[in-house]
Amino acid sequence: MIEVKPYTPEMREQWNRLVENSKNGTFLFDRGFMEYHDDRFQDYSFCIFYKDELRAILPANKIDNEVWSHKGLTYGGLILHRDEKLERTIVYFRELLKSLYTAGNSRLYYKPVPSFYHVYPSGEEEYVLFLVKADLFRRDSALVVDQTNPAQYQTRRSRAIKKAQKIGIRVILDNKFEAFWNNILVPNLKMRFGVPPTHTLKEIQLLHSRFPDKIHQYNAYDLNGNLQAGTTVFNTGSVAHAQYISANEEGRKNGSLDFLFDFLIKHEYSNKRYFDFGVSNENEGRKINYGLLNWKEGFGGRAMSHNFFKINPENYHLLDSVISKKEILT
């Protein structure tokens, strides 16, 4: 009844339909998003069928004999149809791990979608990870504003917002990625961390063209039209995620960045369940960037976990004891 099949391009439409009807997926799992960097990764994704209907997917890539919950994505894990429940999800995991083990894969590195992105409760995988003795090897803290019960701003943030208001800073959704990338984001990341952004300018423009309702560029300008700060927002249904955040020196001093995020949180995305600032960790969660942390907490951001696990596929048999309906096994 259950079949685990490697993803092939012929499954693209089914895959994308499953993402749209999943209880824990976002548009990042759409093949149009995943494949923008397919030259960098060996795709090793899987589709799980129940009675010939696609019910779960695993976005993944392969390095040697290790499988990664796709390294080109912020999060991943098993993406489930919104109607799936606990026992069949356990069976899906069992059959997936068994397939990986039979194919000679030594490890699955697994990063579930953080719970605040779930459309419906989707804690089945947490139970499975416990049963298969998954090892937690990394934990990041995402700073998230709960829009239904927001915490108060810090006084410093409120003062900076008022400063920007007085000098006439304005925020525009203009999707002008080039000015932000070339004049602010790339220089800042190079100076502070010695790295480029995850997406090149060409890549983010391509993704915006494919998902114009999901990816937006907000920029803050002074009265003379000079770019001061900006952020790239991924709109994933009930969550607005700030993928990139940056300002020039003047924009940091005059409150432009604070004014920009006050606008997003209190106006543009006030109808979302959460506003996600992203993580403030470095060194695989073992270090905190306190400058980022304090700034994000200043807007009411509070920590929610983003976990990463290592799984031995050989442990698939540990799930047998909790499966009652043996007939649904392959």
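Residues numbered from 1 in each chain as written. Predicted model: local features only at pLDDT ≥ 70, side-chain atom pairs only at ≥ 80, totals over all residues. Heavy atoms only, no water.

Student: So, the overall build of the protein chain: which residues are in play, and what are the values?
Tutor: In terms of regular secondary structure, the protein chain is built from ten helices and 16 strands. In terms of C-alpha radius of gyration, the protein chain reaches 21 Å, essentially the compact-globule figure of 20 Å for 330 residues. C-alpha extents for the protein chain along the principal axes are approximately 70 × 35 × 35 Å. Counting across all 330 residues of the protein chain, residues that qualify as buried make up 54%. Taking as baseline every contact in the protein chain between residues at least 6 positions apart, the subset at least 24 positions apart corresponds to 75%. Of the roughly 15600 Å² of accessible surface on the protein chain, 48% is carried by carbon and sulfur atoms. Averaging the locations of the 45 positively and 40 negatively charged side chains of the protein chain gives two centres separated by 6 Å. (Helix = DSSP H or I, 4+ residues; strand = E, 2+ residues; numbered from the N terminus. Rg over C-alpha atoms; globule rule 2.2 N^0.38 Å. Buried < 20%, exposed > 50% of the residue type's maximum accessible area, 1.4 Å probe, protein only. Contact = heavy atoms within 4.5 Å. Areas by Shrake-Rupley, 256 points an atom, 1.4 Å probe, with all protein chains shown as cover. Lys, Arg positive; Asp, Glu negative; His and termini not counted. Charge placed at Lys NZ, Arg CZ, Asp CG, Glu CD.)

Student: Give me the lowdown on the nonpolar core, citing residues and values where you can.
Tutor: Of all hydrophobic cores here, the largest spans 40 residues; its most connected members are F33, C47, I57, W181 and I215. Here this core takes six residues from helix 6 (residues 177-193), the largest share from any one element. In this structure, I57 is in contact with W15, L18, V19, F46, C47, G77, L78 and I79, ignoring residues within four places of it in sequence. In this structure, F46, F93, F309 and L319 belong to the second largest nonpolar core, which totals 30 residues. (Core = buried A, V, L, I, M, F, W, Y, C linked by side-chain atoms within 4.5 Å.)

Student: Give a detailed account of helix 1 (residues 12-20), specifying residues and quantitative values.
Tutor: Where helix 1 is concerned, the buried positions are W15, N16, L18 and V19. Summarising the axial view, the buried residues of helix 1 lie within an arc of 155°, below the 170-degree limit, and thus occupy one face. Opposite its buried face, helix 1 presents the exposed residues E13 and E20, each directed more than 90 degrees away. Of the surrounding secondary structure, the elements contacted by the buried residues of helix 1 are helix 2 (31-34), strand 2 (46-50), strand 3 (53-58) and strand 6 (79-80). (Arc of directions from axis to C-beta.)

Student: Lay out a nonpolar patch on the surface with the relevant residues and their values.
Tutor: On the surface, L86, Y127 and F130 cluster together into a nonpolar patch covering about 310 Å² of accessible area. Mapped onto the fold, L86 is located in helix 3 (residues 86-102). The class of L86 is partly exposed, set by a relative accessible area of 38%. (Patch = residues over 30% accessible without salt bridge, like charges linked within 9 Å, V, L, I, M, F, W, Y side chains within 5 Å. Salt bridge = Lys/Arg side-chain N within 4 Å of Asp/Glu carboxyl O.)

Student: Mind laying out the environment of L73, listing which residues take part and the relevant values?
Tutor: In this structure, L73 sits in the loop between strand 5 (66-69) and strand 6. Residue L73 is classed as buried on the basis of its relative accessible area of 4%. Contact partners of L73, with chain neighbours within four places excluded, come to L28, F29, F33, M34, P59 and K111.

Student: Can you lay out the packing of helix 5 (residues 155-166) against helix 9 (residues 256-268) for me, pointing to particular residues and giving the numbers?
Tutor: Two elements in contact, helix 5 and helix 9, have axes separated by 8 Å at closest approach and are oriented at 100°. Here helix 9 runs roughly perpendicular to helix 5, going by the angle between their axes. In contact with R157, A160, I161, A164 and Q165 of helix 5, helix 9 contributes S256, D258, F259 and D262. Considering only residue class, the contact of helix 5 with helix 9 consists of four nonpolar, two polar and three charged. (Axes fitted to C-alpha atoms, helices over the stretch in contact; angles between N-to-C directions. Parallel < 35°, antiparallel > 145°, perpendicular 65-115°, else oblique. Nonpolar A, V, L, I, M, F, W, Y, C, P; charged D, E, K, R; others polar.)

Student: Which residues make up the pattern of salt bridges, and what values do they have?
Tutor: Going through the model one piece at a time under the given rule, you end up with 18 salt bridges. A salt bridge links D258 to R157; the shortest N-O distance between them is 2.3 Å. Of this pair, D258 sits in helix 9 while R157 sits in helix 5, placing them 101 residues apart in sequence. For E284, the salt bridge is made with R286, and the minimal N-O distance between the two is 4.0 Å. When salt bridges with common partners are traced through the structure, they connect R12, R31, E35 and D43 into a single cluster.

Student: So what about the pairing of strand 7 (residues 107-110)? Which residues, and what values?
Tutor: The sheet contact formed by strand 5 and strand 7 spans three bridges and is parallel. Across the sheet, E66 pairs through a bridge with R107, a residue of strand 7. Sheet topology places strand 7 next to strand 16 (residues 302-311); three bridges connect them, and they run antiparallel. When the sheet's bridge partners are listed, L108 is paired in strand 16 with I311. (Pairing = 2+ DSSP bridges.)

Student: Hey, could you go over the environment of V195 for me, with residue numbers and the actual values?
Tutor: By the secondary structure assignment, V195 is in the loop between helix 6 and helix 7 (201-210). Ignoring sequence-local partners within four residues, the contact set of V195 consists of L189 and K190.

Student: Describe the packing of helix 6 against helix 7, and please don't skip the residues or the numbers.
Tutor: Orientation of helix 6 relative to helix 7, taken along the N-to-C sense of each, is 155°, at an axis distance of 10 Å. Here helix 7 runs roughly antiparallel to helix 6, going by the angle between their axes. Helix-helix and strand crossings are classified by hand; for helix 6 and helix 7 the assignment is right-handed. Of helix 7, the residues touching helix 6 (which contributes F177, E178, W181 and N182) are L201, I204, Q205 and H208. (Left-handed = near helix turned anticlockwise from the far one by under 90°.)

Student: Explain unusual backbone geometry to me, using residue names and the numbers behind them.
Tutor: With the exception of glycine, most residues fall at negative phi, and the peptide bonds are largely trans. Phi angles above zero are rare outside glycine, and K133 is one such case at about 60°. Along the chain, the position of K133 falls in the loop between helix 4 (124-131) and strand 8 (135-146). K133 sits in the exposed class, given a relative accessible area of 61%. Even without glycine at this site, N175 takes up a positive phi of about 50°. With respect to the helices and strands, the residue N175 is situated in the loop between strand 9 (170-173) and helix 6.

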